[in-house]
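Descriptive analysis of the structure
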Amino acid sequence: MRSSDGRQVLLASRHDPEEEARRWLEATPLQPSATYVVLGMGMGYHVLEIERRRGPGTRLVVFEADVRLMRAALERLDFSGLLASGTALLHAGGDLDRLFEKIEARTLDIAHSPVQLLAHGPSSSLQPEYYERASRWTTAAVQRLSMAVQTEYLLAERLFENRFGNLFRYLVSPTLDELAGRFRGVPAVIVSAGPSLHRSLDRLAAFEGRAVLIAVSTALKVLLHEGIRPTFAAIVDFNAISKRYFDRLDHDVVRRIPLLCDPRAAPEAIGAYPGPLVFNHDRVSYGLTRRTRGDPQAFERTTNVASFAFDVAGLLGCGPVVFVGQDLAYSWHVTHVPGTAIYAQWLPQLQRFHTLETREWEEIEAVRGSSLTRVEGQSGGDVYTDCQMSAYRVELERKIAACGADVINASEGGARIAGARAMPLAAVLEAFAGPPRPEVVGFEVPRLEGAARATRHREAVATIERIRVDLDSTARILEAIRDCNVEMAGAIAEDRPIEVHVRRAAELEAEAKTFAGVLLAATNLAVTDSIALERERRRMDVEDSPERRLAYARMNVEYARCLLAAIDRLRELTGLAALDARRDRDG
């Protein structure tokens, strides 16, 4: 084939393509238990050689820019074993978003194993831009998935404490699905606390009442200090220190500014907010409470507050969506706009020979230094960023590409966000704001009073009590599953028939599925053990034997024990949520 510059490119050796593939792979040894990402299908010989060499527990992802080449390879060579393995993804063509959705569906497989990029040189020379993009997006996607899993993995206990600390509020507060389409066609301005925000504050006031202003939690005080009242504030921060964002707020001002809350956010912060609350769903809270309205996965892939706000703007029906202060970089070597809570936290550390500027550089170098990198800037040139902010940026870029909405980046600094057209904020105001909009100016979240509030309270208490009953019922089933597998392991060890035990285990597992919400919660809480056991289960899914059946039964016993321990902890947390409900009633 010919490259874009007219060169002839051979995709495989004319004489011995199998030997060429073997030599290519010997020069790049495969890492054990990895996910192999192959950039270029070529004629497929190297892919088959990888398939021949890779072991159980590995995954294979193949990108190919040209659909015709992928088809030619599949027709020429026998890929039946690879396609039947269930551990390979083949993708051809330019729609990378669809592939990344499939990759995200296998988060545990990919985020907990090394990812090895294998570039097929001839393919890369034919479509360098495609494969550079595929490589960049894969790296960023894996970083983001790893970050999300590590958050759940390392902070599972904290996130569950937060969920249950917010459970009563979640049950008695409005949810975001009740606001779906409420501001259709109204511009949304998402205000973040990046360093460039100070350049936009004087123009943001003109949007009040003419657009839906969504302030991320760190930017709320900055806007209020300038006399700007946003339509919403938003929080996803899991750390209790985020309570600082809402210290000393004017109750009269914020009583009409709903706080959009993720159930996993710090209850200390949410409890400190004096205004109305609106919750989104997450799968665990939704499943435990057996809710039937709304989409529990609408915000599941959100890892930061600006991304959350972007999803909210889409749910509200807003358009266009405008970013302000969304730097995702260390613009002017600064971390945040002045006036945010982080600077108040640093104040005790400052003195004559340890200035704010010095503290900024310490934050950048000490905390982020190992991952600092340069990226293209919004205003031209390069800016410094780090892997976390890069992952956030790629998450936004993918959401922008997937939604097809008109997205504008009016930030006056920071990293360029692909898919968001650059436009000065003054031009956005002139083009889209229009006159004051009654649906924005008069917007308030309905407050429950009197009998309606008492009814909602009783329903919440009943739901918490039902969660307790569901936990007890699930625990009884898991105990029976544990005992059944203990008996099955004994029968296997003594070479006795196990058919009765297999049928009983299947019946119990079917019964357990009626409490899917509890099982999901217990699995997430016991995430460390769940991941290790699930990976071991996949490793054993190779061939049947008495030894494998025995190991499988013993593993199921251990898995049931892990879930039972998690349910014990969920009982404790449910008791605390019941106390919150009683305090609200007595208060």
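Scope of this entry: the structure provided in the associated data block. All figures in this text were calculated on a predicted structure; none of them were measured in a lab. (Residues numbered from 1 in each chain as written. Predicted model: local features only at pLDDT ≥ 70, side-chain atom pairs only at ≥ 80, totals over all residues. Heavy atoms only, no water.)

1. Some details on the overall build of the protein chain
From N to C terminus, the protein chain includes 26 helices and 14 strands. The 587 residues of the protein chain split such that 50% are buried. Counting only carbon and sulfur atoms, one obtains 51% of the accessible surface of the protein chain, whose full area is about 27100 Å². (Helix = DSSP H or I, 4+ residues; strand = E, 2+ residues; numbered from the N terminus. Buried < 20%, exposed > 50% of the residue type's maximum accessible area, 1.4 Å probe, protein only. Areas by Shrake-Rupley, 256 points an atom, 1.4 Å probe, with all protein chains shown as cover.)

2. Points about the sheet that holds strand β14 (residues 421-422)
Taking strand neighbours across the sheet as the criterion, the eight strands line up as β9-β8-β7-β6-β5-β10-β13-β14 in an open arrangement whose pairing is parallel. The open sheet terminates on both sides in strands that have one partner only, identified here as β9 (277-279) and β14. Inspection of the sheet shows strand β8 (residues 259-261) paired to β9 by three bridges, in the parallel sense. Note that in β9 the partner of Leu260 across the bridge is Val278. (Pairing = 2+ DSSP bridges.)

3. Overview of the packing of aromatic side chains
Scanning the entire structure with this criterion turns up eight aromatic pairs. Each ring, one from Tyr245 and one from Phe246, has its centre 6.3 Å from the other, and the planes form 85 degrees; the classification is edge-to-face. You can call Tyr245 buried: its relative accessible area is 14%. Judged by its relative accessible area of 3%, Phe246 is buried. Consider the rings of Phe246 and Tyr273, whose centres lie 5.1 Å apart with planes at 70 degrees: the pair is edge-to-face. Pair noted here: Phe246 is in the loop between β7 (232-235) and α13 (251-254) and Tyr273 is in the loop between α14 (267-272) and β9, with a separation of 27 residues, a long-range link. (Phe/Tyr/Trp six-rings, centres within 6.5 Å; stacked < 30°, edge-to-face > 60°.)

4. Digging into unusual backbone geometry
Each neighbour pair has its own omega, and for Gly319 with Pro320 the value is -5 degrees, a cis peptide bond. Mapped onto the elements, Pro320 comes out in the loop between α16 (305-316) and β10 (321-324). Not every positive phi belongs to a glycine, and Asp495 is a case in point at roughly 60 degrees. Along the chain, Asp495 turns up in the loop between α22 (450-493) and α23 (499-512). On the basis of relative accessible area, Asp495 is assigned to the exposed category, the value being 73%.

5. Observations concerning the pairing of β7
Side chains Phe232 and Ala234 project from β7 onto one buried face, and the interleaved Ala233 and Ile235 project onto a second face that is buried too. Pairing between strand β6 (residues 212-216) and β7: three bridges, direction parallel. Bridging across to β7, Ile214 finds its partner in Phe232. One crossover worth recording links β6 to the parallel β7 by way of helix α12 (residues 220-225), and it is right-handed. (Right-handed = clockwise from strand over helix to strand, strands pointing away.)

6. Re the environment of Gly86
Within the secondary structure, Gly86 sits in the loop between α4 (80-84) and β3 (88-92). In this structure the C-alpha to C-alpha distance between Gly86 and Leu60, which are 26 residues apart in sequence, comes to 9.7 Å.

7. Overview of the sheet that holds β3
The strand order across the open sheet formed by four strands is β3-β2-β1-β4, and the pairing between neighbours is parallel. Two strands bound the open sheet, and with one partner strand each, they are β3 and β4 (115-119). The sheet shows a mean angle of 15 degrees between the axes of neighbouring strands, direction not considered. As paired elements, strand β2 (residues 59-64) and β3 share five bridges and run parallel to each other. Its bridge partner lying in β3, Val61 is registered against Leu89. Its contacts with the sheet put helix α3 (residues 67-76) on β2 and β3, and the angle it makes with β3 is roughly 135 degrees. (Axes fitted to C-alpha atoms, helices over the stretch in contact; angles between N-to-C directions. Contact = heavy atoms within 4.5 Å.)

8. A few points about α22
The end-to-end C-alpha separation of α22 is 65 Å, in line with the 64 Å expected for 44 residues at 1.5 Å each. Phi turns positive one or two residues past the end of α22, at Asp495, with a value near 60 degrees. (Expected span 1.5 Å × (residues − 1).)

9. Some details on the pairing of strand β1 (residues 35-39)
With respect to burial, β1 is a largely interior element, five of its five residues being buried. Burial of β1 is two-sided: the residues Thr35, Val37 and Leu39 facing one way and the residues Tyr36 and Val38 facing the other way are all buried. In this sheet, β2 lies alongside β1 in parallel orientation, the contact comprising five bridges. Across the sheet, residue Val37 finds its bridge partner in β2, namely Val61. Remark: the β1/helix α2 (residues 45-53)/β2 crossover connection has right-handed handedness. Pairing of β1 with β4, which is carried by five bridges, proceeds in the parallel orientation. Across the sheet, Tyr36 pairs through a bridge with Gln116, a residue of β4.

10. What to know about the pattern of salt bridges
If you walk through the whole model with that rule in mind, you get 31 salt bridges. In this structure, Asp483 and Arg482 form a salt bridge, with 3.1 Å as the shortest nitrogen-oxygen distance. One salt-bridge network, in which partners are shared between bridges, spans Glu157, Arg158, Glu161, Glu268, Arg569 and Glu572. (Salt bridge = Lys/Arg side-chain N within 4 Å of Asp/Glu carboxyl O.)

11. Points about the side chain of Asn166
Here Asn166 is to be found in the loop between α9 (156-165) and α10 (167-172). Given a relative accessible area of 0%, Asn166 falls into the buried group. Among the polar contacts listed, one links the side chain of Asn166 to the backbone oxygen of Ala265, at a separation of 2.8 Å. Beyond its immediate chain neighbours, meaning those up to four positions away, Asn166 contacts Asp262, Pro263, Ala265, Ala266, Pro267, Ile270 and Phe279. (Polar contact = N/O pair within 3.5 Å; in protein donor to acceptor, adjacent residues only side chain to side chain.)

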